[in-house]
Amino acid sequence: KKYSCSASVDHHRSHFGDFNVRFFRYLANGQPSLALVRGSGAVDLRSLDSSLPNDLTEMIKGGEALKAHIGKVADKAGTAVVRNRVTLLEPFPAPSKIVCIGLNYQEHAAESKLAPTAFPTVFTRFVSTLLAPGAPILRPKVSTALDYEVELVAVIGAKAHYVPLGSALNYVAGYTIANDVSI
């Protein structure tokens, strides 16, 4: 089976202290930019403070100090961004790893006509298979149909190895959604 994955994302949600924030990447004057969602609107993040990153990967690397700073400037006046008037971009254009879990619930295994497994199937995706929201999904000529699923994506924000179950969520920097497409 060959796969492609479209990161058709509405938002990337991160945990910033006592509040959750949402971001989306978009194209502004030909350059990738980051918008901070506030209520039913959004503002360009760098219009709040030009020293802020316009990349979610850099934001995660900024750690607690950056999160605290964004919390302080989040309510400042900034340049409005209207989502349906900009070109949306994938939240993470070049993630270092894309690890996927398959057949992780019985209904999906049954739908796929596969026997349930004792452990979920682990597989990878490649960065080259990511698409921006709304980008066309190309069906290979060898396929007559596409299968798709909406997936919850957990963005891991720190190196992790043999993490105890009770500590696992401490490594999650945020969440996004993806349209997982296979042939």
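From a predicted model like this one, the values you see are computed outputs, not experimental measurements.

Calculation rules
Residues numbered from 1 in each chain as written. Predicted model: local features only at pLDDT ≥ 70, side-chain atom pairs only at ≥ 80, totals over all residues. Heavy atoms only, no water. Core = buried A, V, L, I, M, F, W, Y, C linked by side-chain atoms within 4.5 Å. Buried < 20%, exposed > 50% of the residue type's maximum accessible area, 1.4 Å probe, protein only. Helix = DSSP H or I, 4+ residues; strand = E, 2+ residues; numbered from the N terminus. Contact = heavy atoms within 4.5 Å. Salt bridge = Lys/Arg side-chain N within 4 Å of Asp/Glu carboxyl O.

Caption draft 1: Representation of the nonpolar core within the structure. Among the nonpolar cores identified, the biggest contains 17 residues, and Phe23, Leu36, Leu45 and Met59 are the most heavily contacted of them. If you list the elements that add at least two residues to this core, you get strand E3 (19-28), strand E4 (31-38), helix H1 (45-48), helix H2 (56-61) and helix H3 (63-73). Among residues more than four places away in sequence, those in contact with Leu36 are Val21, Arg22, Phe23, Gly41, Ala42, Val43, Leu45, Leu48 and Ala74. Formed by seven residues, the second largest nonpolar core is a distinct cluster that contains Phe24, Ala35, Ala42 and Leu88.

Caption draft 2: Local environment of unusual backbone geometry. Here the phi dihedral of Asn29 falls at roughly 55°; this positive angle occurs in a residue that is not glycine. Within the secondary structure, Asn29 sits in the loop between E3 and E4.

Caption draft 3: Layout of the pattern of salt bridges. Enumeration according to the criterion identifies three salt bridges in this entry. Here Lys67 and Glu64 are joined by a salt bridge, their closest N and O atoms 3.5 Å apart. Pair noted here: Lys67 and Glu64 are both in helix H3, with a separation of three residues, about one helical turn. Accessibility expressed as a relative area gives 22% for Lys67, which makes it partly exposed. Residue classification places Glu64 among the exposed positions, given a relative accessible area of 57%. The partner of Asp180 in a salt bridge is Arg125, and the shortest N-O contact between them spans 2.3 Å. Of this pair, Asp180 sits in strand E10 (residues 172-182) while Arg125 sits in the loop between strand E8 (121-124) and strand E9 (147-156), and the two are 55 residues apart along the sequence.

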